[in-house]
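A structural walkthrough
If you want the building blocks of each chain, they are given just below.
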Amino acid sequence: SIYCMDFMDSAKVLRARSIDLAVTSPPYLNNYHYIRSTRPHLYWLGLLTERKDFRQLEDLNVGKYWQTVRGQGPISLAFEDHDLEQIIQAIRATRTDKGIYGGGGWANYAASYFNDSDRFLASLSRSLVEGGTGVIVVGNSIIQGHEIKVEQVLGRMAERHGLKLSSIEELRTKRVGASITKSTVRRGDQSDAHLYESAVI
């Protein structure tokens, strides 16, 4: 069966503890505008019919987009994670002279991304059978010169939702976008960081 709906709302159609295997690759924490880049496909599949549907999908996208949250007041994490909070505070304190284009806007984006990821993991935890497996393919991120090891954060978050972290497997040591990680905007204190991709199991 195919349900044209948000997985965050899966409780409406899926029984609790009914899924043996979930394999997904949610949007990466890279502000890539997936909806804009796949707009023709979304129309062909009937997921978009009018321009207003485009904005609704933007708002529902995991992490929203930097452009949609940068001008809001400071967005905080909706859960506790000291290490992640420290990174987000460091991002927020970066390039403060640039207004919404500086660290504040990007910190909002990162916080929104992980708040949505927390909701996703809650849905996943509810859906998986005892002994079931979830595989989440994600990449790390470098925001305003600060590296976020997304796979490690998701691993910690999953355990908070009662899931057991089996392993984190590195899939690729180089990703598209690696060539710009040493730009003046991204460099910061993490000039030796590189983009990679992992599976959180």
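Here goes a summary of the coordinates provided. (Residues numbered from 1 in each chain as written. Predicted model: local features only at pLDDT ≥ 70, side-chain atom pairs only at ≥ 80, totals over all residues. Heavy atoms only, no water.)

Looking at the packing of helix α6 (residues 103-127) against helix α7 (residues 150-160)
Applicable threshold: Under this scheme, a helix contributes an axis fitted over its contacting stretch, all axes are lines through C-alpha atoms, and angles between N-to-C directions fall in the 0 to 180 degree range. Each helix corresponds to a stretch of at least 4 residues labelled H or I by DSSP, and each strand to a stretch of at least 2 residues labelled E; elements are numbered beginning at the N terminus. Angles are sorted into four bins: roughly parallel if under 35 degrees, roughly antiparallel if over 145, roughly perpendicular if 65 to 115, and oblique for all others. Here a crossing is taken to be left-handed if its near helix is turned anticlockwise relative to the far helix by less than a right angle, and right-handed if that turn runs clockwise. Contacts are assigned to residue pairs that have any heavy atoms within 4.5 Å of one another. Under the scheme applied here, ten amino acids are nonpolar (Ala, Val, Leu, Ile, Met, Phe, Trp, Tyr, Cys and Pro), four are charged (Asp, Glu, Lys and Arg), and all others, including Gly, are polar.
Contact pair α6 / α7: the axes reach a minimum separation of 10 Å and the direction vectors enclose 45°. By the angle between their axes, α6 is oblique relative to α7. As for the relative orientation of α6 and α7, their crossing is right-handed in sense. Between α6, through Y113, F114, S117, D118 and L121, and α7, the contact on the second element is made entirely by V150, V153, L154, M157, A158 and R160. Looking at the contact of α6 with α7 residue by residue, the class counts come to 8 nonpolar, 1 polar and 2 charged.

Some details on the nonpolar core
Rules: Nine residue types can take part in a nonpolar core, namely buried Ala, Val, Leu, Ile, Met, Phe, Trp, Tyr and Cys, and a core is a set of them joined through side-chain atoms within 4.5 Å. Summary of the burial criterion: residues with accessible area below 20% of their type's maximum are buried, those above 50% are exposed, and those between are partly exposed, where the area comes from a 1.4 Å probe applied to protein chains only.
Counting residues in each nonpolar core, the largest one holds 34 residues, and the members touching the most others are F114 and I148. Those residues in contact with I148 that lie beyond four places of it in its chain are L29, L84, I87, I91, A110, F114, N140, S141, I143 and V153. Formed by 5 residues, the second largest nonpolar core is a distinct cluster that contains L42, L48, F54 and Y65.

Some words on the pattern of salt bridges
Rule in force here: Take a side-chain nitrogen of Lys or Arg and a carboxyl oxygen of Asp or Glu: if they are within 4 Å of each other, that pair is a salt bridge.
With the rule as written, the count across this model stands at 9 salt bridges. Across the pair K149 and E147 runs a salt bridge whose closest N-O atoms are separated by 3.5 Å. Owing to a relative accessible area of 16%, E147 belongs among the buried residues under this scheme. Among the charged side chains, a salt-bridge network with shared partners connects R55, E58 and D59.

Quick notes on helix α5 (residues 82-92)
The test is simple: Here the arc refers to the set of directions running from the helix axis out to each C-beta atom. In protein, a polar contact means a hydrogen-donor-capable atom and an acceptor-capable atom, both N or O and within 3.5 Å, with residues adjacent in sequence counting only if both atoms are side-chain atoms; elsewhere, any N or O pair within 3.5 Å suffices.
Listed as buried for α5 are L84, I88 and I91. Seen along its axis, α5 keeps its buried residues to an arc of 55°; they face one direction. In this structure, the buried side of α5 is in contact with α6, β3 (141-143), β4 (146-148) and α7. For α5, the N-terminal capping position is held by D81, with its side-chain oxygen 3.3 Å away from the main-chain nitrogen of D83.

Observations concerning the sheet that holds strand β6 (residues 197-200)
Rules: In this analysis, strands are considered paired if DSSP registers two or more bridges between them.
With mixed pairing, 4 strands are arranged side by side in an open sheet as β1-β2-β6-β5. Looking at which strands have only one partner, the edges of the open sheet turn out to be β1 (19-24) and β5 (168-172). The sheet shows a mean angle of 15° between the axes of neighbouring strands, taken without regard to direction. With 5 bridges connecting them, β1 and strand β2 (residues 128-139) associate as parallel partners.

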